[in-house]
Amino acid sequence: MVRAVKHLFPTKADEIHADWQWQLRHQIRETSSLLEHPRLQHARIQQRLRLALEADRSLARSFRFALTPYYLSLINPDENGHCPVLEQILPAPDELDASIYADPDPLAEERHMPVRGLTHRYPDRVLWYTSHHCAVYCRFCLRKRKVSHADSAPRKSEQSAILEYIASHTEIKEVILSGGDPLTLTDAQIGVMLAELKNIQHIISIRIHTRMPVTLPMRITDELCSILRAHYPLTLVTHFNHAAEVGPQAFDSVRRLRMAGVLVLNQSVLLRNVNDTVQDQEDLILTLLRAGIKPYYLHRCDEVRGVAHFRVPIETGRNILRELRGRNPGIALPRYMIDLPGGGGKVPYEPDYLQEIGTDAEGHSYYRFQNAFNTEYRVRADRPHSDVD
Ligand code: SF4
């Protein structure tokens with residue numbers, strides 16, 4: 001049974017403007033604006049907002065505060081004044097503490113940048129920073145060093161150098177359009193980018209990494225869907241962290257993407273006080289499945305400066321995955337991933353079901369596994385007798 005139903009749909013009283021450009025024009029950019037919000041009058045939240053206000057005075061220049069009226073409508077604190085949506089966007093005094101993780105770029109994305117605006121870390125794929133803007137700025141963002149800074153945003157003139165690099169490196173099979181959020185670009189810009197990439201013979205996969213279905217689902221317009229449909233096949237990887245973020249508009253945006261032939265996956269980050277319980281993760285993955293999204297990755301929060309307060313022990317994610325397996329459809333289970341600091345790449349860190357590799361009395365080697373219900377089974381490692389030469 002999916003919990004948190006009260007979070008799933010904004011109340012009728014919410015006026016949610018359906019025009020994505022209106023939403024961006026009316027972005028809330030002052031933490032002080034939240035103090036008057038009728039849903040945020042709980043004493044604990046007011047206290048938290050005042051802390052956010054204070055922290056933002058020092059943080060605003062390095063990482064902006066902004067959210068859409070739509071995302072604001074998803075805020076719905078419980079009786080204790082806790083809201084997983086709010087926790088993701090409020091500046092915190094802990095962000096100022098650089099004593100734990102001081103590196104703004106622990107994944108070495110800038111070091112592996114052959115041309116400005118493109119990271120080439122793995123031989124087979126590149127990550128293109130198409131925009132440094134987002135509809136909502138998330139406090140756990142791994143690219144705080146550049147996202148939200150207008151002056152660091154990619155220049156139009158750099159696009160041709162990026163395309164030339166991709167075209168001249170035939171080992172590249174996949175291009176990830178990321179940022180910031182690539183869907184802050186206009187439809188025309190997105191159309192040109194996709195057409196150019198589709199013209200490169202060795203590119204077989206294009207992934208769009210965007211939080212728009214979460215933070216501004218009205219961005220998934222019919223016009224945008226026509227462009228995406230015209231460049232089939234495409235994968236869109238979105239980023240829901242909590243079931244409370246999957247409102248009816250989000251459902252609808254994903255349905256339109258799926259109708260346009262787009263494969264929709266979700267990657268989430270394991271965040272303290274947001275989604276770090278088995279129940280949070282179960283609600284999330286089942287809600288995603290209902291919405292037509294395949295849960296893809298659950299990331300450990302990276303060792304980025306200013307996000308340490310979101311991190312939980314490394315075993316938490318593994319234990320959550322262990323609890324989820326066996327009581328949820330396999331297709332709903334994401335992989336738990338650690339991005340190795342220093343640019344080492346991603347590795348899965350998942351529950352270990354293998355207990356032993358041994359040899360039985362007849363000399364046959366076997367693998368001894370424990371299933372999700374703690375029952376043990378042996379599996380013969382060698383080929384069946386009839387198959388042996
Ligand atoms: S939408 Fe993505 S890129 Fe933008 S602030 Fe959030 S996590 Fe960072």
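See the structure printed just above.
Given the structure is predicted, the values throughout are model-derived calculations rather than measurements. (Residues numbered from 1 in each chain as written. Predicted model: local features only at pLDDT ≥ 70, side-chain atom pairs only at ≥ 80, totals over all residues. Heavy atoms only, no water.)

Topic: the nonpolar core
Here is step 1: Core analysis: the largest hydrophobic core is formed by 68 residues, its most contacted members being Leu34, Leu86, Trp128, Ile166, Leu177 and Leu197.
Here is step 2: Mapping this core onto the domain boundaries places at least three of its residues in each of domain 1 (5-94) and domain 2 (118-348).
Here is step 3: Ignoring sequence-local partners within four residues, the contact set of Ile166 consists of Leu118, Val126, Trp128, Ile172, Val175, Leu197, Ile200, His202 and Ile203.
Here is step 4: Formed by twelve residues, the second largest nonpolar core is a distinct cluster that contains Leu286, Ile320, Leu324 and Tyr336. (Core = buried A, V, L, I, M, F, W, Y, C linked by side-chain atoms within 4.5 Å. Buried < 20%, exposed > 50% of the residue type's maximum accessible area, 1.4 Å probe, protein only. Domains from an automatic or database assignment. Contact = heavy atoms within 4.5 Å.)

Description of the site of the ligand
Here is step 1: Around the ligand, the structure places Cys134, Val136, Tyr137, Cys138, Cys141, Gly180 and Arg211.
Here is step 2: Within the shell around the ligand, the residues separate by chemical class into five nonpolar, one polar and one charged. (Near = heavy atom within 4 Å. Nonpolar A, V, L, I, M, F, W, Y, C, P; charged D, E, K, R; others polar.)

So, the packing of helix α11 (residues 278-291) against helix α12 (residues 314-324)
In a packed pair of helices, the relevant descriptors are the angle between the two axes and the axis-to-axis distance.
Here is step 1: It is the contact of α11 with α12, at a shortest axis distance of 10 Å, that shows an interaxial angle of 60°. The angle between α11 and α12 places the two elements in the oblique class. Helix-helix and strand crossings are classified by hand; for α11 and α12 the assignment is right-handed. From α11, Val278, Gln281, Glu282 and Ile285 reach across to α12, where they touch Ile320, Glu323 and Leu324.
Here is step 2: Residues belonging to the contact of α11 with α12 are distributed by class as follows: four nonpolar, one polar and two charged. (Axes fitted to C-alpha atoms, helices over the stretch in contact; angles between N-to-C directions. Helix = DSSP H or I, 4+ residues; strand = E, 2+ residues; numbered from the N terminus. Parallel < 35°, antiparallel > 145°, perpendicular 65-115°, else oblique. Left-handed = near helix turned anticlockwise from the far one by under 90°.)

Remarks on the packing of aromatic side chains
Here is step 1: A full pass over the atoms with the stated rule returns five aromatic pairs.
Here is step 2: When the centroid spacing of 6.4 Å and the interplanar angle of 45° are considered together, the rings of Tyr336 and Tyr349 count as tilted. A residue pair is termed long-range when its members are at least 10 positions apart, and Tyr336 in strand β8 (residues 335-340) and Tyr349 in the loop between β9 (345-348) and β10 (354-359) qualify at 13 residues.
Here is step 3: Tyr336 sits in the buried class, given a relative accessible area of 0%.
Here is step 4: Arranged with centres 6.3 Å apart and planes meeting at 20°, the rings of Tyr367 and Phe369 form a pair that is stacked.
Here is step 5: Relative accessible area serves as the criterion here: at 30%, Phe369 is assigned to the partly exposed category.
Here is step 6: Here the guanidinium or amino end of Arg125 rests over the ring plane of Tyr122, the centre of that ring lying 4.2 Å away.
Here is step 7: Stacked on the ring of Tyr366, the Lys or Arg Arg378 has its end atom at 3.9 Å from the ring centre. (Phe/Tyr/Trp six-rings, centres within 6.5 Å; stacked < 30°, edge-to-face > 60°. Lys NZ or Arg CZ within 6 Å of the ring centre and 35° of its normal.)

Notes on the side chain of Lys144
Here is step 1: When you line up the elements, Lys144 lands in the loop between β2 (125-129) and α6 (158-168).
Here is step 2: For Lys144, a relative accessible area of 10% gives the class buried.
Here is step 3: There is a polar contact of 2.7 Å between the side chain of Lys144 and the backbone oxygen of Arg139.
Here is step 4: Within the local environment of Lys144, its side chain forms a polar contact with the backbone oxygen of Gly306, the two atoms lying 3.1 Å apart.
Here is step 5: With near-sequence residues (within four places) excluded, Lys144 lies in contact with Ser62, Phe63, Glu95, Cys138, Arg139, His149, Arg305, Gly306 and Val307. (Polar contact = N/O pair within 3.5 Å; in protein donor to acceptor, adjacent residues only side chain to side chain.)

In short, the description is geometric, and any link to function would need to be established separately.
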